[in-house]
Amino acid sequence: MEQFFSTFTARTIWTPELLVVLGVVSLVYFLIITKLRHRFPDSEPVSLRRKIYFHLGLLAIYLGFGGPLYVLGHIMLSMHMLSMAIVYLVAPPLILLGIPSWFFKFFARFKVVRGVFTIVGFPILGLILFNAIFSFYHLPATFDYLMTNEGYHNIYQNAMLLAAILMWWHIIPRFKTKYDLSELKRIGYMFMSGVLFTPACVLIIFAGEPLYSTYTDPSVWATAMAYCLPPGADIPFEVFSGEQSLTLLSPRHDQQFGGAMMKVIQELAYGVAMGYTFRLWMKRDRENTPKLNLKEYEMYQTNG
């Protein structure tokens, strides 16, 4: 780890530009839930728990799109897979849970927003869209092309994040819409998403050889790595191979580890979401169960 911090500059490792952007997002969030809250109909104070959820989501985005993990993701596929799991499987539910429902209801009043959601909010579309984009990303030709073309890579990553948020919306809806799913359907939705998520992980885990030139070809790796470094910085080839290499596993084993880690994190994320959904289901059933008062209970016991 000491070698890692000595090889790269502080700007490369900590991505201050992203920290500034996320700081602005945090500032806007606090302005909306405090000074600007009165402009939103039916708004209520936001609990500390929701504030923590939202900022944990921002932290997850930072870990996935910046910081040391992002740089390591250009050296080891396993770290790239870990950063993707954090961004697309951890950040979206935290962000959604952190935003108060009255914020979404405010925008739902506009006809244009309702019209767009009528199209893109269809549950099956969210399910297929995210998993299709995710799977296509991990095809070797697509992956290597995007990793060596920064602009397209950024566009693709942001599109995948939006698709992930859309998918997670149906798992953790923030208010009732025409596409509301019952708790049982949400659990089935997560099960199907897990099934569609699996082929990309299987491709990576069980491939007989390294799939991505980004992690095996020094020239391709140098092109991808250049986007992590400040303009004019030298490419640190010593961390890619040789005695000073930061990689602990062979490219094939690192690839297998990354695919397995991605699948495990997906199962854990969906498992937590299923448990949360099941708890809401039980809570709703208890609230809908008729309760007998003392007199009715005594009559029931007598007649029973």
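Here, every reference points to the structure presented above.
Residues numbered from 1 in each chain as written. Predicted model: local features only at pLDDT ≥ 70, side-chain atom pairs only at ≥ 80, totals over all residues. Heavy atoms only, no water.

### Considering the overall build of the protein
When helices and strands are counted, the protein shows 15 helices and zero strands. Within the span of the protein, comprising 304 residues, buried residues form 45% of the whole. Long-range contacts, defined here as pairs at least 24 residues apart, represent 77% of the contacts in the protein between residues at least 6 apart. A total accessible area of about 16,600 Å² is found for the protein, and carbon and sulfur atoms account for 67% of it. (Helix = DSSP H or I, 4+ residues; strand = E, 2+ residues; numbered from the N terminus. Buried < 20%, exposed > 50% of the residue type's maximum accessible area, 1.4 Å probe, protein only. Contact = heavy atoms within 4.5 Å. Areas by Shrake-Rupley, 256 points an atom, 1.4 Å probe, with all protein chains shown as cover.)

### Quick word on a positive patch on the surface
A contiguous patch of positive charge on the surface is contributed by Arg-49, Arg-279, Lys-283 and Arg-286. Element by element, the count of residues in the positive patch is highest for helix H14 (residues 251-288), at three residues. Within the secondary structure, Arg-49 is located in helix H4 (residues 48-65). (Patch = residues over 30% accessible without salt bridge, like charges linked within 9 Å, V, L, I, M, F, W, Y side chains within 5 Å. Salt bridge = Lys/Arg side-chain N within 4 Å of Asp/Glu carboxyl O. Lys, Arg positive; Asp, Glu negative; His and termini not counted. Charge placed at Lys NZ, Arg CZ, Asp CG, Glu CD.)

### Some details on the packing of helix H11 (residues 150-171) against H14
One way to put it is that H11 packs onto H14 with a least axis distance of 11 Å and a crossing angle of 30°. Classified by the interaxial angle, the pair formed by H11 and H14 is roughly parallel. In this structure, H11 uses Met-167, Trp-168 and Ile-171 to contact H14, whose residues at the interface are Ala-269, Tyr-270, Ala-273 and Thr-277. In the contact of H11 with H14, the residues fall into six nonpolar, one polar and no charged. (Axes fitted to C-alpha atoms, helices over the stretch in contact; angles between N-to-C directions. Parallel < 35°, antiparallel > 145°, perpendicular 65-115°, else oblique. Nonpolar A, V, L, I, M, F, W, Y, C, P; charged D, E, K, R; others polar.)

### Re the nonpolar core
Counting residues in hydrophobic clusters, the biggest one holds 82 residues, and the most contacted among them are Tyr-88, Phe-130, Met-160, Trp-168 and Met-262. The element best represented in this core is helix H6 (residues 77-98), accounting for 14 residues. (Core = buried A, V, L, I, M, F, W, Y, C linked by side-chain atoms within 4.5 Å.)

### Some thoughts on the environment of Ile-95
If you trace the backbone, Ile-95 turns up in helix H6. Between the C-alpha atom of Ile-95 and that of Lys-51, which follows or precedes it by 44 residues, the distance is 9.5 Å. Discounting chain neighbours no more than four positions away, the residues touching Ile-95 are Tyr-53, Phe-54, Gly-57 and Leu-58.

### Thoughts on the pattern of salt bridges
Applying the stated criterion across every chain, the model contains two salt bridges. Between Arg-11 and Glu-17 there is a salt bridge, and its shortest N-O distance comes to 2.9 Å. On the basis of relative accessible area, Glu-17 is assigned to the partly exposed category, the value being 39%. Residue Lys-263 pairs with Glu-267 through a salt bridge whose shortest N-O separation is 3.2 Å. Here Lys-263 pairs with Glu-267, and both are found in helix H14, just four residues apart, close to one helical turn.

### Regarding the environment of Pro-123
The topology assignment puts Pro-123 in helix H9 (residues 123-137). Spatially, the C-alpha atom of Pro-123 lies 8.5 Å from that of Leu-181, the residues being 58 residues apart in sequence.

### What about unusual backbone geometry?
Phi is positive for Thr-15, close to 50°, though the residue is something other than glycine. In this model, Asp-42 sits at a positive phi of 60°, which is unusual for a non-glycine residue. As for its position among the elements, Asp-42 is in the loop between helix H3 (16-33) and H4.

### Examining the packing of helix H12 (residues 183-206) against H14
Contact geometry of H12 with H14 gives a least axis separation of 10 Å together with a crossing angle of 180°. When the axis of H12 is compared with that of H14, the two are roughly antiparallel. Per-class residue counts for the contact of H12 with H14 are 15 nonpolar, eight polar and four charged.

### Some points on the packing of aromatic side chains
Under the counting rule described, the total for this entry stands at 25 aromatic pairs. Aromatic side chains Tyr-88 and Phe-130 sit 6.4 Å apart centroid to centroid with 50° between the ring planes, which places their arrangement in the tilted category. Of this pair, Tyr-88 sits in helix H6 while Phe-130 sits in helix H9, and the two are 42 residues apart along the sequence. Ring geometry for Phe-103 against Phe-104: centres 5.9 Å apart, planes inclined by 80°, an arrangement best described as edge-to-face. Ring-pair connections join several aromatic residues into one group, and the members of that group are Phe-40, Trp-102, Phe-103, Phe-104, Phe-106, Phe-107, Phe-110, Phe-117, Phe-122, Trp-169, Phe-175 and Tyr-179. For Arg-109, the ring lying beneath its charged end belongs to Phe-110, and the centroid distance is 5.8 Å. (Phe/Tyr/Trp six-rings, centres within 6.5 Å; stacked < 30°, edge-to-face > 60°. Lys NZ or Arg CZ within 6 Å of the ring centre and 35° of its normal.)

That is the geometry; function is a separate question.
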